[in-house]
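Topology and contacts: notes
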Amino acid sequence: MTDTTSTPQARVDLPDADAARALGAALAGVLRAGDLVILTGDLGAGKTTLTQGLGAALGVRGHVASPTFIVAREHPPLPRADGTVGPGLVHVDAYRLGGLDELDALDLDTSLDESVTVVEWGRGLAEALTEDRLELDLERPRGGVDDPDADPEAGTRHATLRGVGPRWADVDLAALVAR
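Since the model is a prediction, treat every value here as computed from it, not as a measurement.

**Some words on the nonpolar core**
- With 31 residues, the main nonpolar core has Leu 23, Leu 27, Leu 136 and Leu 161 as its most contacted residues.
- For this core, the secondary structure elements donating two or more residues are β1 (9-14), α1 (17-28), β2 (36-41), α2 (47-58), β5 (115-120), β6 (133-139), β7 (157-164) and α5 (173-178).
- The element best represented in this core is α1, accounting for 6 residues.
- Not counting the four nearest positions on each side in its chain, Leu 136 is found in contact with Leu 23, Leu 27, Val 37, Ile 38, Leu 39, Thr 40, Leu 50, Thr 160 and Leu 161.

Structure representation (structure tokens):
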């Protein structure tokens, strides 16, 4: 079990999809090649939407979509206006993976050094990839028995960010989400 007592942590409200994409874009400002992001949350919590914002801000090729049936999608970096190239994005959906062996079979460690790797549904599995990671827990509102017709897409989501390992020790996550 991970000791989170000294782990940098922050919480942010995401009132709509644009806010989730904006959080992804803000994360792009601190993420670098080799970083692992583990996204946890129910179906519809905003994991892929957040990753879309991240991919757009990183400037990667291709539409960032849920990798549910493909399991992993690679998005190579596009050249920036100044001619430099940032990290690529590897977007993984671990929901259908049966264990660490199946995750290992994806050879994520070969692209881990040159890309930002985002693993949806990765809790309890992707931590084995590296001791340094950013964990995001996304919560969405749930319709109650009083309102069975409530729109499941409506309502404010909440994201809790937790940096784990030496890489995140000096990153001010609270300042990041306050932007």
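**Structural notes on the sheet that holds strand β3 (residues 72-75)**
- Overall, mixed pairing links the 7 strands, which are arranged β1-β7-β6-β2-β5-β4-β3 in an open sheet. The sheet is open, and its two borders are formed by β1 and β3, each paired with just one other strand. With strand direction ignored, the average angle separating the axes of adjacent strands in the sheet is 15 degrees.
- Pairing of β2 with β6, which is carried by 5 bridges, proceeds in the parallel orientation. Within the sheet, the bridge partner assigned to Thr 40 lies in β6 and is Asp 137.
- Contacts from α1 reach β1, β6 and β7 within the one sheet, and its direction differs from that of β1 by about 145 degrees.

**A short note on the packing of aromatic side chains**
- Using the criterion set out here, one finds 0 aromatic pairs in the structure.
- The ring centre of Trp 121 lies 4.3 Å from the NZ or CZ of Lys 47, which sits over that ring.
- Between the NZ or CZ atom of Arg 167 and the centre of the ring of Trp 168, over which it lies, the distance is 4.2 Å.

**Regarding the side chain of Arg 162**
- Within the secondary structure, Arg 162 is located in strand β7.
- Since its relative accessible area comes to 10%, Arg 162 is described here as buried.
- One polar contact links Arg 162 to Asp 137, side chain to side chain, over a distance of 2.9 Å.

**So, α1**
- Along its 12 residues, α1 runs 17 Å from first to last C-alpha, staying within 8% of the 16 Å computed at 1.5 Å per residue.
- Looking at α1, one finds that the buried residues are Ala 19, Ala 20, Leu 23, Gly 24, Ala 26, Leu 27 and Ala 28.
- Two or three places before Asp 18, at the opening of α1, Asp 16 has a side-chain oxygen 3.2 Å from that residue's backbone nitrogen.

**Looking at the environment of Asp 42**
- Along the chain, the position of Asp 42 falls in the loop between β2 and α2.
- On the accessibility criterion, Asp 42 (34% relative accessible area) is partly exposed.
- Taking the C-alpha atoms as reference points, Asp 42 and Trp 121, separated by 79 residues in sequence, lie 8.8 Å from one another.
- Residue contacts for Asp 42: discarding those within four places in its chain leaves Lys 47, Trp 121, Leu 138, Arg 140 and Arg 142.

**Remarks on α2**
- Its 12 residues give α2 an end-to-end C-alpha distance of 17 Å, which sits within 8% of 16 Å, the value for a rise of 1.5 Å per residue.
- Among the residues of α2, those classed as buried are Lys 47, Thr 48, Leu 50, Thr 51, Gly 53, Leu 54, Gly 55 and Leu 58.
- Buried residues along α2 sit against α1, β2, β4 (88-93), β5 and β6.
- Of the residues flanking the end of α2, it is Gly 59, one or two places downstream, whose phi is positive at about 75 degrees.

Cut-offs and rules
Residues numbered from 1 in each chain as written. Predicted model: local features only at pLDDT ≥ 70, side-chain atom pairs only at ≥ 80, totals over all residues. Heavy atoms only, no water. Core = buried A, V, L, I, M, F, W, Y, C linked by side-chain atoms within 4.5 Å. Buried < 20%, exposed > 50% of the residue type's maximum accessible area, 1.4 Å probe, protein only. Helix = DSSP H or I, 4+ residues; strand = E, 2+ residues; numbered from the N terminus. Contact = heavy atoms within 4.5 Å. Pairing = 2+ DSSP bridges. Axes fitted to C-alpha atoms, helices over the stretch in contact; angles between N-to-C directions. Phe/Tyr/Trp six-rings, centres within 6.5 Å; stacked < 30°, edge-to-face > 60°. Lys NZ or Arg CZ within 6 Å of the ring centre and 35° of its normal. Polar contact = N/O pair within 3.5 Å; in protein donor to acceptor, adjacent residues only side chain to side chain. Expected span 1.5 Å × (residues − 1).

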